[in-house]
Amino acid sequence: MKKLVLLLALVAFASTPSLAQTGTVNNFKIHRGTNVSHWLSQSEARGEMRRLHIQEEDFARLERLGFDFVRIPIDEVQFWDEQGNKLPEAWTLLTNALDWAGKHHLRAIVDLHIIRSHYFNAVNEGNGSANTLFTSEKAQQDLINLWYQLSDVLKGYSTDMVAYEFMNEPVADEHEQWNQLVAKVHKALRSREPQRTLVVGSNRWQGYETMKYLKVPTGDKNIVLSFHYYNPMILTHYNAWWTPIGKYTGKVHYPGILVSKEDYDAAPDDIKPELEQYIKQVWDINKIRADFADAISVAKKYGLQLFCGEWGFYEKTPREMGLEWMKDMLTVFNENNIAWTTWCYDADFGFWDQQHDCFKDKQQVDLLMGK
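What counts, and at which threshold
- Residues numbered from 1 in each chain as written.
- Predicted model: local features only at pLDDT ≥ 70, side-chain atom pairs only at ≥ 80, totals over all residues.
- Heavy atoms only, no water.
- Pairing = 2+ DSSP bridges.
- Helix = DSSP H or I, 4+ residues; strand = E, 2+ residues; numbered from the N terminus.
- Axes fitted to C-alpha atoms, helices over the stretch in contact; angles between N-to-C directions.
- Contact = heavy atoms within 4.5 Å.
- 1 Å grid on protein atoms, 1.4 Å probe; cavity = no way out; pocket = protein on both sides within 12 Å on 5 of 7 lines; lining within 4 Å.
- Points joined across faces, edges and corners; volume = space filled by probe spheres on them.
- Nonpolar A, V, L, I, M, F, W, Y, C, P; charged D, E, K, R; others polar.
- Phe/Tyr/Trp six-rings, centres within 6.5 Å; stacked < 30°, edge-to-face > 60°.
- Buried < 20%, exposed > 50% of the residue type's maximum accessible area, 1.4 Å probe, protein only.
- Salt bridge = Lys/Arg side-chain N within 4 Å of Asp/Glu carboxyl O.
- Expected span 1.5 Å × (residues − 1).
- Polar contact = N/O pair within 3.5 Å; in protein donor to acceptor, adjacent residues only side chain to side chain.
- Right-handed = clockwise from strand over helix to strand, strands pointing away.

**Q** Can you explain the sheet that holds strand S4 (residues 162-165)? Please cite residues and give values.
**A** The strand order around the closed barrel built from 8 strands is S1-S2-S3-S4-S5-S6-S9-S10, with neighbouring strands paired in parallel fashion. The average angle at which neighbouring strand axes cross in this sheet is 30°, direction not considered. Summarising the sheet, strand S9 (residues 305-310) and strand S10 (residues 338-342) pair through 3 bridges and their orientation is parallel. Bridge pairing in S10 links Cys-308 to Trp-340. Along the sheet, helix H8 (residues 175-192) makes contact with S4, strand S5 (198-201) and strand S6 (223-228), crossing S5 at roughly 175°.

Shown next, in the form of structure tokens:
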């Protein structure tokens, strides 16, 4: 009997992921991708409209174009009601998307984009007090519980093909608040999935400039470090209605000094504080290189893949300047082995027009693919 108990214990030990096993680096290799956004996140569409918005053909198209992975933002409100009950259709759409991605040789990052206790743009919309995540133990446990449920459904997908980004663009008052939450969620997910690749960004909208404050869980090589980059905002968000800088309607210039003294003087007084940085700073490829330096340094320190999860320009951006900026961004990405996903596939930053089933900007896609 003792021998049988010992044998069963050895079998159980062998089948349990050990620390040594979790040290194995996944084959989650990523290079160039796009965000399949405004579908399971930041969208009010439900039912047939949501079901038809993204189909298998979209993933087939991305494969044909030369993309090798996608980032799929999802929102809590689409997957759980206010009582915490699952909303089945969204779960089916997500698993369909992951199945289609795998079929078409696209790796995927599932990105928990907006949760009820934290919305990245709340502070800019005058509703920052609604973000309770960093001051509430319950809210933090709720976040972990969301990932437990996601893991229960997604754990069968290969760790070489699917990764988790457990929160998008955190906005904590103190960097240490985010670091403590990273440690807590990392520990919880590792207890369930020791081998899954986890995507972790830094505080304050996943800013490149805050990466140096991020405390990365040590000894875990299945982490991808993420930052977002939309600078200079006056170019990438030109005439964007939701940002203060979008009120500017004068000329912009890239590369170089973005706003001339004459255009600054002619601008409305209420946006001049937003413009001041753009009449002094030269913006070009060297500025981008300088901005990326800290993020690159942190990735090298930990020996981890660096990933720009969001970048792109708004559809009202002067196109030739937007493409010139994109060309410089791609050069710096390639110089430093930085993986990326554009924001986004379709919608107002996208290159594809879902409504008319055609390209919005084929030249942009060719540039992205190095043609």
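**Q** Which residues make up the layout of surface pockets, and what values go with them?
**A** The volume enclosed by the largest pocket comes to roughly 1400 Å³. Taken together, 43 residues line the largest pocket, and the ones lying closest to its centre are Phe-120, Asn-121, Glu-169, His-237 and Trp-242. Counted by class, the lining of the largest pocket contains 17 nonpolar, 14 polar and 12 charged residues.

**Q** Describe the packing of aromatic side chains, with residues and values.
**A** We describe a pair of aromatic rings using the distance from one ring centre to the other and the angle between the two ring planes. The final tally for this structure, using the stated rule, is 24 aromatic pairs. Ring geometry for Phe-67 versus Phe-351: centroids 5.6 Å apart, planes at 5°, classification stacked. Note that Phe-67 is positioned in the loop between helix H4 (56-65) and strand S2 (69-75) and Phe-351 in the loop between S10 and strand S11 (352-353), a separation of 284 residues in sequence. Accessibility classification places Phe-67 together with Phe-351 in one group, the buried group. Centroid distance Phe-166 to Trp-178: 6.1 Å. Interplanar angle 40°. Geometry classified as tilted. Here Phe-166 is found in the loop between S4 and H8, whereas its partner Trp-178 is found in helix H8, with 12 residues between them in sequence. You'll find Phe-166 and Trp-178 in the same group, each marked buried.

**Q** Give a detailed account of the pattern of salt bridges, specifying residues and quantitative values.
**A** Under the defined criterion, the tally for this structure stands at 26 salt bridges. Among the ionic pairs, Lys-212 bridges to Asp-294, the shortest N-O distance being 3.7 Å. With Lys-212 in the loop between helix H9 (203-206) and S6 and Asp-294 in helix H13 (residues 285-302), this residue pair connects regions lying 82 residues apart in the sequence. Taking the relative accessible area as the measure of exposure, Asp-294 reaches 31% and is therefore partly exposed. Residue Arg-289 is joined to Glu-335 by a salt bridge in which the shortest nitrogen-to-oxygen separation is 2.6 Å. In this pair, Arg-289 is assigned in helix H13 and Glu-335 in helix H14 (residues 319-335), connecting sequence segments 46 residues apart. Using a relative accessible area of 44% as the deciding quantity, one classes Glu-335 as partly exposed. Taken together, the shared-partner salt bridges connect Glu-57, Asp-58, Arg-61, Arg-64 and Asp-357 into one network.

**Q** Quick one: what's the story with H8, residue by residue and with numbers?
**A** Over its 18 residues, H8 runs 26 Å from end to end, which matches the ideal 26 Å to within 8%, given 1.5 Å per residue. Along H8, the positions that sit buried rather than exposed are Trp-178, Asn-179, Leu-181, Val-182, Val-185, His-186, Ala-188, Leu-189 and Arg-190.

**Q** Explain the environment of Asn-127 to me, using residue names and the numbers behind them.
**A** Tracing the sequence through the fold places Asn-127 in the loop between strand S3 (107-114) and helix H7 (137-154). With relative accessibility at 41%, the residue Asn-127 sits in the partly exposed group. The spacing of Asn-127 and Leu-146 is 19 residues in sequence and 23 Å in space, taken between C-alpha atoms.

**Q** Talk me through H4; I want residue IDs and the actual numbers.
**A** Restricting attention to buried positions, one finds in H4 the residues Asp-58, Phe-59, Ala-60, Arg-61, Leu-62 and Leu-65. Just beyond H4, the residue with positive phi is Gly-66, at close to 115°.

**Q** Just give me the short version of the side chain of Thr-210, but keep the residues and values in it.
**A** Examined against the element boundaries, Thr-210 turns out to sit in the loop between H9 and S6. A distance of 3.0 Å separates a polar atom in the side chain of Thr-210 from a polar atom in the side chain of Ser-202. Filtering out sequence-adjacent residues up to four positions away, Thr-210 remains in contact with His-175, Ser-202, Asn-203 and Arg-204.

**Q** Mind laying out the pairing of S10, listing which residues take part and the relevant values?
**A** Most of S10 sits out of view: 5 of its 5 residues are buried. Pairing between strand S1 (residues 32-35) and S10: 3 bridges, direction parallel. Bridge pairing in S10 links Thr-34 to Thr-342. Read as a crossover between parallel neighbours, the route from S9 over H14 to S10 is right-handed.

**Q** Describe the pairing of S4, listing the residues and the values that go with them.
**A** Residue alternation in S4 divides its side chains into two sets, Val-162 and Tyr-164 and Ala-163 and Glu-165, and both sets are buried. Bridging between S3 and S4 involves 4 bridges; their strand directions are parallel. Bridging across to S4, Asp-111 finds its partner in Glu-165. In this structure, S4 lies alongside S5, joined through 2 bridges in parallel fashion. Bridging from a neighbouring strand, Glu-165 pairs with Val-199 of S5. Note that the unit made of S4, H8 and S5 has a crossover that is right-handed.

Remember, this is a structural readout, not a statement about activity or role.
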